[in-house]
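As a plain string of letters, each chain reads:
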Amino acid sequence: HRSGLLRHFLLGGAGCEAATSSWQSVRSWKAHDQLVVDLCFDASGSFVASGSTDRSAKVWDFAGYFCTHSFRGHNGIVSLVRFHPSKLQLVTVADSELRLWDLKSS
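Residues numbered from 1 in each chain as written. Predicted model: local features only at pLDDT ≥ 70, side-chain atom pairs only at ≥ 80, totals over all residues. Heavy atoms only, no water.

I would appreciate a short explanation of the environment of G76 in the present structure.
Of note, G76 is situated in the loop between β6 (66-72) and β7 (78-83). Judged by its relative accessible area of 9%, G76 is buried. Separated by 23 residues in sequence, G76 and T53 place their C-alpha atoms 7.5 Å apart. Ignoring anything within four residues of it in the chain, the contact list for G76 reads R55, A94 and D95. (Helix = DSSP H or I, 4+ residues; strand = E, 2+ residues; numbered from the N terminus. Buried < 20%, exposed > 50% of the residue type's maximum accessible area, 1.4 Å probe, protein only. Contact = heavy atoms within 4.5 Å.)

Here it is, written out as structure tokens:
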């Protein structure tokens with residue numbers, strides 16, 4: 001199913017077979033107006049970034065399920081989102097354009 005939703009699942013059991021047979025849906029929420037194509041957690045696991053065919057990238061508080069930042073400006077599909085490993089920055093890529101977003105000042 002393709003949508004602009006983000007879904008949070010708990011995986012139960014030990015091993016690959018047990019984990020795939022016992023997924024528990026925790027929550028779903030609308031993240032984008034169109035298809036989500038990439039996700040990335042920050043190093044702490046507190047935030048998740050999403051990139052979409054709607055040409056936007058968003059940063060989410062994973063525990064609270066709310067958007068902390070919404071970035072627009074790409075002319076194409078945001079196909080890659082990555083957090084800097086030690087700074088509050090997000091890199092997004094759309095087509096051949098790379099952007100660096102500062103989460104402190106945005």
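Help me understand the pattern of salt bridges in this model?
Charged atoms that come close allow side chains of opposite charge to pair. Enumeration according to the criterion identifies three salt bridges in this entry. Linking D38 and R82 is a salt bridge whose minimum nitrogen-to-oxygen distance equals 2.8 Å. Separated by 44 residues along the polypeptide, D38 in strand β3 (residues 36-41) and R82 in strand β7 bring together distant segments of the chain. On the basis of relative accessibility, which here comes to 35%, the residue R82 falls in the partly exposed class. When the shortest N-O distance is used, the salt bridge between R99 and E97 registers 3.1 Å. Relative accessible area serves as the criterion here: at 25%, R99 is assigned to the partly exposed category. (Salt bridge = Lys/Arg side-chain N within 4 Å of Asp/Glu carboxyl O.)

Which parts of the structure should I look at to understand the layout of surface pockets?
Using a probe with the size of a water molecule, rolled over the atoms, empty space left in the structure can be pinpointed. By volume, the largest pocket amounts to about 220 Å³. Along the walls of the largest pocket sit L5, L6, R7, H8, W29, V36, L39, F41, V48 and F62, which together make up its complete lining. Elements with a contribution of two residues or more to the lining of the largest pocket: β1 (5-11) and β3. Counting residues per element, the lining of the largest pocket draws most heavily on β1, at four residues. Class assignment for the residues of the lining of the largest pocket results in eight nonpolar, one polar and one charged. Taken as a whole, the second largest pocket holds about 180 Å³ of empty space. Lining the second largest pocket are 14 residues; nearest its centre among them are D42, F47, K87, L88 and L103. Here the lining of the second largest pocket is composed, by residue class, of seven nonpolar, five polar and two charged. (1 Å grid on protein atoms, 1.4 Å probe; cavity = no way out; pocket = protein on both sides within 12 Å on 5 of 7 lines; lining within 4 Å. Points joined across faces, edges and corners; volume = space filled by probe spheres on them. Nonpolar A, V, L, I, M, F, W, Y, C, P; charged D, E, K, R; others polar.)

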